[in-house]
Amino acid sequence: MTEEDQAVDAAITRAIAFLASEQQPSGAWRTDSFGESTAATSLAVMSFLAAGYLPGEPPYGEQIERGIQWVLQHQEANGMLVHRRSHGPMYSHGISALMLAEVVGMVDRSDAVAVRSGLERSIRLILESQAVAKDVRHAGGWRYQTGSRDSDLSVTGWQLLALRAAKDVGCDVPAEAIDRAVAYVKRCSVRDNRGFGYQPGSGQTPTLTGTGITCLEVCGVHDSPEAVGGAEWLLDHPLTLKTNYFYYGAYYSGVGMFKMGGRYARASRDNLVDLLLPTQEPDGSWRARQGSERGAGRIYATSMAVLALAVEYRYLPIYQR
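Heads up: these notes are all about the structure in this document. These figures come from a predicted structure and were not determined experimentally.

### Some remarks on the overall build of the protein
Argument step 1. Each helix and strand counted, the protein has 13 helices and two strands in total.
Argument step 2. The C-alpha radius of gyration computed for the protein amounts to 18 Å, which stays within 12% of the reference 20 Å derived for 321 residues, consistent with globular compactness.
Argument step 3. Sequence separation of 24 or more characterises 66% of the internal contacts of the protein that already satisfy a separation of 6 or more.
Argument step 4. In the form shown here, the protein has an accessible surface area of approximately 12700 Å², with 48% of it arising from carbon and sulfur atoms.
Argument step 5. On the protein, the mean spot of the 31 positive side-chain charges and the mean spot of the 35 negative ones are 5 Å from each other.

As structure tokens, this is what we get:
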């Protein structure tokens, strides 16, 4: 193991200890803007899993289980996984649905029935939302609300990862739903396949380029012109600390470039290590310093950093090549 690997391991260990210390008595984790949150709780749970910790097993198994239960307790009648709705409840929903899909095969048999039931209800809502009538530019994707008539790549990314992960654990996800979402993602690729934008016709950003690559690779669309072109563009325009939605980008570019493999994975890994390790706080957390990410708080930033750095561990099913 190299010194860099040891440093990454130590950073993840400190971050996980910080997350464990921040769990609320209810079992939830908080965002600064909205308080207790299904999204923050689900990101924290996935961080423990990505670092190799399992539900029900020491040292953090009980905390993981309490987080999962809190998310399930806040599932609405229509299947929505959200608490204290923000302007974009589909963000929280997609993140939490992905968490349930990742954890359903890890929980104790006595908990698996409730987790699978919650997952299936959440996936049904994602499919119903995708089926809302939209014009051809936006068809196949998702936006902030279940009834939105347009789409964006940022929200679509979480729903598509949730669908793919749910399909992998045996949920009823029609292939057509994945295909329609992949077609939307490809429409967000800019001219000459030089990255991905927020919506079809938007300019590319490092964060959304990572999102587009991850979506295509996770869905088995390997080495597509859109993903390869986006990865090449990211080599020339890597994530920086001043990148808009930096932590979101760290997660998606980390996963996407890892799945691309080879020089793409190496370049992304080196960049993330150089950016994240020096900016970790003494207490093990990371802090978002600009834009709307600041309002999301340290649980969000720390979880995203762990998920980006832990990708090479391959403990989360979604990470596996």
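From this point, things continue past the structure.
### As for helix α5 (residues 109-130)
Argument step 1. The first and last C-alpha atoms of α5 sit 31 Å apart over 22 residues, in line with the 32 Å expected at 1.5 Å per residue.
Argument step 2. Residues V115, G118, L119, S122, I123, L125, I126, S129 and Q130 constitute the buried set of α5. Along the axis of α5, the buried residues cluster in a sector spanning 155°; they form a single face. Opposite the packed face of α5, turned more than 90 degrees from it, sit the exposed residues R109 and V113.

### With respect to the side chain of E281
Argument step 1. Structurally, the position occupied by E281 is in the loop between α11 (262-276) and α12 (293-296).
Argument step 2. For E281, the contacting residues outside a window of four places in its chain are R287 and R289.

### A short note on the state of the cysteines
Argument step 1. Within this structure, the stated rule accounts for zero disulfides.
Argument step 2. Note on C188: no disulfide assigned, nearest cysteine sulfur contributed by C215 at a separation of 9.1 Å.
Argument step 3. Free cysteine: C215, not disulfide-bonded; nearest cysteine sulfur from C219 at 6.6 Å.

### Thoughts on the nonpolar core
Argument step 1. Core analysis: the biggest nonpolar cluster contains 106 residues, and I68, L98, W158, Y247, Y251, W286 and Y319 have the highest contact counts within it.
Argument step 2. At ten residues, the largest contribution of residues to this core is made by helix α10 (residues 246-260).
Argument step 3. Setting aside its immediate chain neighbours within four residues, L98 contacts M46, W158, L161, A162, A165, Y251 and I318.

### Description of the packing of helix α9 (residues 225-236) against α10
Argument step 1. At a minimum axis distance of 11 Å, the contact between α9 and α10 shows a crossing angle of 115°. Both α9 and α10 take part in a crossing whose hand is left-handed. Of the residues in α10, those in contact with A227, V228, A231, L234 and L235 of α9 are S253, M257 and M260.

### A closer look at unusual backbone geometry
Argument step 1. A cis geometry characterises the amide bond from P58 onward to P59, with omega recorded as 5°.
Argument step 2. One can find P59 in the loop between α2 (38-50) and α3 (61-73).
Argument step 3. For N193, which is not a glycine, the phi torsion comes out positive at approximately 55°.
Argument step 4. Position of N193 relative to the elements: it lies in the loop between α7 (175-187) and α8 (206-218).
Argument step 5. Positive phi is not limited to glycine here, since Y245 has a value of about 55°.

### Let's talk about the pattern of salt bridges
Argument step 1. Following the criterion strictly, the structure yields nine salt bridges and no others.
Argument step 2. Notably, a salt bridge pairs R194 with D236, separated by 3.7 Å at the nearest N-O pair. Within this pair, whereas R194 is found in the loop between α7 and α8, its partner D236 is found in helix α9, the two being separated by 42 residues in sequence.
Argument step 3. Put simply, R269 and E312 hold a salt bridge, and the shortest N to O gap is 3.8 Å.

### Here's the deal with the side chain of Q63
Argument step 1. Inspection of the secondary structure puts Q63 in helix α3.
Argument step 2. Q63 sits in the buried class, given a relative accessible area of 17%.
Argument step 3. The contact partners of Q63, leaving out residues within four places of it in the chain, are A20, Q23 and W29.

### Digging into the packing of helix α6 (residues 153-168) against α10
Argument step 1. In the contact formed by α6 and α10, the axes pass within 13 Å of each other and the chain directions differ by 45°. Classified by the interaxial angle, the pair formed by α6 and α10 is oblique. Judged by the twist between their axes, the crossing of α6 over α10 is left-handed. Together, S154, G157, W158 and L161 of α6 and Y248, Y251 and Y252 of α10 make up the contact between the two elements.
Argument step 2. Its residues assigned to classes, the contact of α6 with α10 shows five nonpolar, two polar and no charged.

### A closer look at the environment of W286
Argument step 1. Mapped onto the elements, W286 comes out in the loop between α11 and α12.
Argument step 2. Residue classification places W286 among the buried residues on the basis of a relative accessible area of 0%.
Argument step 3. Along the chain, W286 and A305 lie 19 residues apart, while their C-alpha atoms are 7.4 Å from each other.
Argument step 4. For W286, the residues in contact, after removing those within four places along its chain, are A11, A15, Y247, L276, T279, Q280, R298, A301, T302, A305 and L309.
Argument step 5. Polar side-chain contacts of W286 include one of 2.8 Å to the backbone oxygen of L276.
Argument step 6. At a separation of 3.5 Å, a polar atom in the side chain of W286 contacts the side chain of T279.

Reading the values: the criteria
- Residues numbered from 1 in each chain as written.
- Predicted model: local features only at pLDDT ≥ 70, side-chain atom pairs only at ≥ 80, totals over all residues.
- Heavy atoms only, no water.
- Helix = DSSP H or I, 4+ residues; strand = E, 2+ residues; numbered from the N terminus.
- Rg over C-alpha atoms; globule rule 2.2 N^0.38 Å.
- Contact = heavy atoms within 4.5 Å.
- Areas by Shrake-Rupley, 256 points an atom, 1.4 Å probe, with all protein chains shown as cover.
- Lys, Arg positive; Asp, Glu negative; His and termini not counted.
- Charge placed at Lys NZ, Arg CZ, Asp CG, Glu CD.
- Expected span 1.5 Å × (residues − 1).
- Buried < 20%, exposed > 50% of the residue type's maximum accessible area, 1.4 Å probe, protein only.
- Arc of directions from axis to C-beta.
- Disulfide = S-S within 2.5 Å.
- Core = buried A, V, L, I, M, F, W, Y, C linked by side-chain atoms within 4.5 Å.
- Axes fitted to C-alpha atoms, helices over the stretch in contact; angles between N-to-C directions.
- Left-handed = near helix turned anticlockwise from the far one by under 90°.
- Salt bridge = Lys/Arg side-chain N within 4 Å of Asp/Glu carboxyl O.
- Parallel < 35°, antiparallel > 145°, perpendicular 65-115°, else oblique.
- Nonpolar A, V, L, I, M, F, W, Y, C, P; charged D, E, K, R; others polar.
- Polar contact = N/O pair within 3.5 Å; in protein donor to acceptor, adjacent residues only side chain to side chain.

Keep in mind these numbers describe shape, not what the thing actually does.
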